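Structural overview for review
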Amino acid sequence: MAGTLKQASAFTITPHKVSVCVLLQVYAPPAQISLPFPFSSVSQHNRLALYLLTLTKSCDGIFEPTLDELITQLREVGGLLNHWLTDHLTNKLASLSSPDDLFNFFSDLRGILAGPDTTVMDDDQISLDPTSNLGVYVRRCLLAFNVMSFEGVCHLLTNIGAYCKEALTSSAPYELPRSDDFSNAPETLEYENMDLENLVFEKVNAELESRKRSYERVSFHNHAPRALFGLVEDINLTAEPKLKNVDKNMEHSPFSQSDKPMIVDPSGENFLRTNWQVQGYLLEQADLIEKRRSSFSLNSFESILKQLQKQAPELHRVHFLQYLNSLYHDDYPLALEYLHRYFDYSAGTEGCDIVTSTTGSNSFGRYENALLCLGMMHFHFGHPKEALEVLTEAVRVSQQYGDDTCLAYTMSAICNLLSEIGISDTTGIIGSSYSHVASIGTSLSIQEQLFVLLRRSLKRAESLKLKRLVASSHLAMAKFDLTHVQRPLLSFGPKASMKLRTFPVNVCKDLRSCSRLISEFDTESELMITDGAMSTVWLENLKKPMGSTVFIQDNGSGNIRDSFRFCAQPCSVPASVQQLVGSSYLVRATAWETYGSAPLARISALVFATCFAESSSSEDVALAYAKLIRHIAMFKGYKEAFNALKIAEEKFLSVSKSRILLLKLQLLHERALHKGNLKRAQQLCDELGVLASSVTGVDMDLEAEASLRSARTLLAANQYSEAAAVAHTLFCMCYKFNMQVENATVLLLLAEIHKKSGNAVLGIPYVLASISFCQLFNLDLLRASASLTLAELWLSLGSTHAKRAVILIHGALPIILGHGGLELRGRAFIAEAKCYLSDSSFSVIDNPEVVLDPLSQASEEFEVLEYHELAAEAFYLLAIVYNKLGLSEEREEAAVSFKKHIIALETPVDERFLFDML
């Protein structure tokens with residue numbers, strides 16, 4: 001256990017531990033054979049053991065539960081034995097009224113442990129294995145009691161009295177009989193000459209009464225905010241009362257109970273849980289902060305950390321949690337202060353779940369860990385250059401001190417930085433391993449350095465057997481292979497066998513290697529993460545309205561649904577493993593989007609949202625929702641997409657500045673272009689430009705998205721030269737940062753600009769270059785779209801090229817119809833019909849279905865999208881076909897629809913309510 005604490009937070013006997021020991025005696029009474037009274041079945045007996053095991057492992061707070069809370073839990077799990085268990089517990093605690101009673105109690109407690117030299121044991125005899133979890137718990141209690149002084153024993157009696165009286169004041173049904181009053185207990189008569197004990201009991205009774213009267217005078221005190229407690233305490237000049245959070249849900253999940261105040265416990269004393277449980281609670285909260293981020297309540301959790309720091313000042317991990325809390329609430333100065341404070345106090349020996357270095361030398365502290373945390377903080381706040389400098393220094397220090405594990409994590413962080421942030425020039429990252437490359441005058445690009453670092457990071461993680469880091473490295477390799485061509489590092493040598501293209505098979509292998517982690521994960525860090533999380537959720541389920549009953553009735557009348565819920569406990573896989581596997585499904589969805597398989601992309605996003613949403617961060621869940629909403633917009637129209645977007649905004653209200661807002665701007669911009677509202681489209685482009693600003697760090701993908709949509713807006717306004725200039729600038733930027741996938745899209749946009757401006761000959765080289773990029777990166781759907789654009793260019797050169805154009809369209813139709821959206825399919829249908837109509841050898845009268853069917857389908861799809869320009873073109877062609885066929889009624893109907901869309905395009909309706917959604 002990291003961080004050896006002093007007596008303030010060490011394992012000490014408390015009233016709660018005594019209560020657990022009482023229940024353990026019920027489970028395994030000394031010298032008992034077969035089922036003890038009052039259990040009537042083995043299942044009842046085993047379920048009490050399960051509850052006790054969960055109680056000793058739960059990490060749902062920093063303070064031990066009160067007697068009233070313990071009785072409430074027994075009421076939930078006790079079933080028919082509820083009253084007997086609560087009465088036995090309260091009566092046993094009431095009988096502990098003297099030091100001899102405690103001594104006899106712990107002496108009897110030894111009898112429930114099996115002897116170390118016992119070789120033959122009756123199968124029916126009930127005893128605890130000394131090496132089991134419950135057995136170790138009992139032994140720790142026995143050891144802690146044996147080292148207590150006489151004054152400590154008397155103080156424990158005082159605490160037990162306050163512990164019971166606190167339950168009596170709040171739980172009337174469990175009122176103790178008068179004969180069990182602590183001040184008049186008959187067992188204390190033989191100790192009446194012990195002035196120390198009588199003085200202790202008199203003082204505690206007087207203190208309890210005085211506190212009760214003082215709190216009755218201030219009726220609002222129990223309902224006031226925490227900040228008001230200190231003011232009231234200062235005014236009354238009384239001893240500072242200790243805060244107690246009765247609602248354990250708030251301690252476990254402050255973000256969900258942020259409005260509930262901590263209330264004062266006037267009669268009882270707060271006791272910290274065991275060091276193991278407190279550490280587990282802090283680890284769980286660190287995981288929750290990373291997942292929930294800004295939705296995690298800052299002040300609520302900060303007050304808990306301050307209370308823990310007051311109770312156990314030696315627990316330096318509190319400073320690390322304060323650093324995480326400030327980091328994910330975007331408080332840069334406070335996060336930096338807490339980070340410095342943490343490493344000043346602890347030298348980095350707590351807070352980072354990193355294995356001790358292989359050399360075993362800790363004389364230099366954990367300076368490399370401090371640099372790693374500082375670098376990640378700069379990365380989070382959008383300071384890529386500072387982050388890269390700090391992480392490079394962390395690599396040097398880790399190599400100097402021989403900390404291979406920190407070196408592996410630092411290299412992984414550098415790879416993540418280089419892949420997420422656009423940096424055009426970096427030096428000194430790889431080191432001297434590739435000095436021979438620099439000596440021959442060849443400089444490595446940022447992508448080549450990233451590739452080298454990824455390979456080295458993967459090998460280092462495999463050699464250190466860090467399975468989670470191995471899976472993370474495989475995931476990073478999959479992202480790299482998805483969007484980058486592997487080029488030779490040297491400028492000479494045999495290159496004939498070097499195919500400059502991406503390989504989807506390698507991407508799938510890396511993603512599967514990451515997904516296998518969930519079945520073969522290893523306990524890299526402390527076991528409390530898994531066991532404590534399981535026990536915490538188990539106890540939290542007891543508070544739900546449909547919670548399970550542990551002691552199910554044996555007469556068959558028990559609720560089967562409750563029994564199922566009891567068995568259906570959450571998965572024991574650590575949350576970090578689930579989050580990593582969930583990220584692999586998100587990358588898989590992105591890969592299928594890139595390769596052009598819409599059904600597989602939708603399925604991967606649905607798997608993530610269904611199975612891994614609870615264990616993943618809010619940003620990843622928002623990204624999955626954005627992918628699903630984008631799919632709805634492509635295949636069902638914008639009305640359905642905006643309905644789904646409203647649901648997503650309610651769920652991700654606090655993180656709408658990133659994925660959800662970006663998706664909203666994209667959908668509104670596309671809708672404005674389709675409806676011909678160019679003024680609104682330009683305003684939305686400006687909004688995207690604000691998001692892409694360098695104030696919070698350069699996001700190259702977002703900057704490319706803003707420029708691309710600006711060019712499309714200029715193209716819709718028939719400003720061809722301006723649109724071409726913006727597209728050319730965007731192509732230069734993508735080429736500079738090796739964003740080759742974006743280059744294919746930009747080249748296709750340049751071809752469309754030349755097609756619409758009437759320069760088809762100039763557009764053909766651009767579309768051919770785009771097709772080459774698509775072949776290089778296996779962009780099947782984008783290649784089909786480029787083939788469609790090429791067919792339209794050929795068709796615009798004259799009717800003599802109609803057959804060549806229709807061959808290109810028929811070659812792309814399988815992919816377009818299987819994976820393309822409504823817009824792409826409608827364009828293909830119109831282009832096919834125009835090819836047939838422009839062919840002099842084709843007769844509309846002989847084969848009318850060949851052109852009527854695609855045009856009717858295109859008109860329906862463009863009306864769903866409210867794409868007025870292309871819908872008007874489809875109805876115009878339909879009117880021409882109906883006129884050739886002599887169908888005057890159908891011709892007039894198509895002409896009316898054509899006129900309606902032309903009017904809507906020329907006089908767009910300003911739907912202000914959609915823009916107000918921003």
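Residues numbered from 1 in each chain as written. Predicted model: local features only at pLDDT ≥ 70, side-chain atom pairs only at ≥ 80, totals over all residues. Heavy atoms only, no water.

Observations regarding the state of the cysteines
Tallied over the entire structure, the rule returns zero disulfides. For Cys-141, which is in no disulfide, the shortest distance to another cysteine sulfur is to Cys-21 and amounts to 3.8 Å. Look at Cys-141 and you get buried, because its relative accessible area is 0%. (Disulfide = S-S within 2.5 Å. Buried < 20%, exposed > 50% of the residue type's maximum accessible area, 1.4 Å probe, protein only.)

Observations regarding the pattern of salt bridges
A pair can form between side chains of opposite charge whenever their charged atoms are brought close. Applying the stated criterion to the full structure yields 19 salt bridges. Residues Glu-670 and Arg-709 are paired through a salt bridge, measuring 3.0 Å at the closest nitrogen-oxygen approach. Placement of Glu-670 in helix H29 (residues 656–675) and of Arg-709 in helix H31 (residues 700–716) is noted, with a sequence separation of 39 residues between them. Here Glu-670 falls in the buried class, since its relative accessible area comes to 15%. (Salt bridge = Lys/Arg side-chain N within 4 Å of Asp/Glu carboxyl O. Helix = DSSP H or I, 4+ residues; strand = E, 2+ residues; numbered from the N terminus.)

Comments concerning the confidence of the model for the chain
For the chain, per-residue confidence averages 75 on the pLDDT scale, and 69% of positions sit at 70 or higher. Segment residues 522–529: pLDDT under 50, and 19 contacts once partners within four positions in sequence are set aside and those in other chains are kept. Under a pLDDT of 50 for its full length, residues 546–569 has, in the predicted model, 43 contacts with residues more than four places off or in other chains. (pLDDT = per-residue confidence, 0-100. Contact = heavy atoms within 4.5 Å.)

Description of unusual backbone geometry
Its identity is not glycine, yet Lys-465 carries a phi of approximately 60°, on the positive side. Within the secondary structure, Lys-465 is located in the loop between helix H19 (446–464) and helix H20 (467–483). Even without being a glycine, Asn-778 presents a positive backbone phi close to 60°. By relative accessible area, which is 14% here, Asn-778 ends up buried.

Remarks on the nonpolar core
The biggest cluster of nonpolar side chains holds 123 residues, and the ones touching the most others in it are Ile-629 and Leu-667. Element by element, the count of residues in this core is highest for helix H35 (residues 780–796), at 10 residues. Not counting residues within four places of it along the chain, the set of residues in contact with Leu-667 comprises Ile-629, Arg-630, Ala-633, Tyr-638, Ala-641 and Phe-642. Judged by nonpolar contacts, the second largest core, of 47 residues, contains Val-20, Leu-70, Val-138 and Ala-144. (Core = buried A, V, L, I, M, F, W, Y, C linked by side-chain atoms within 4.5 Å.)

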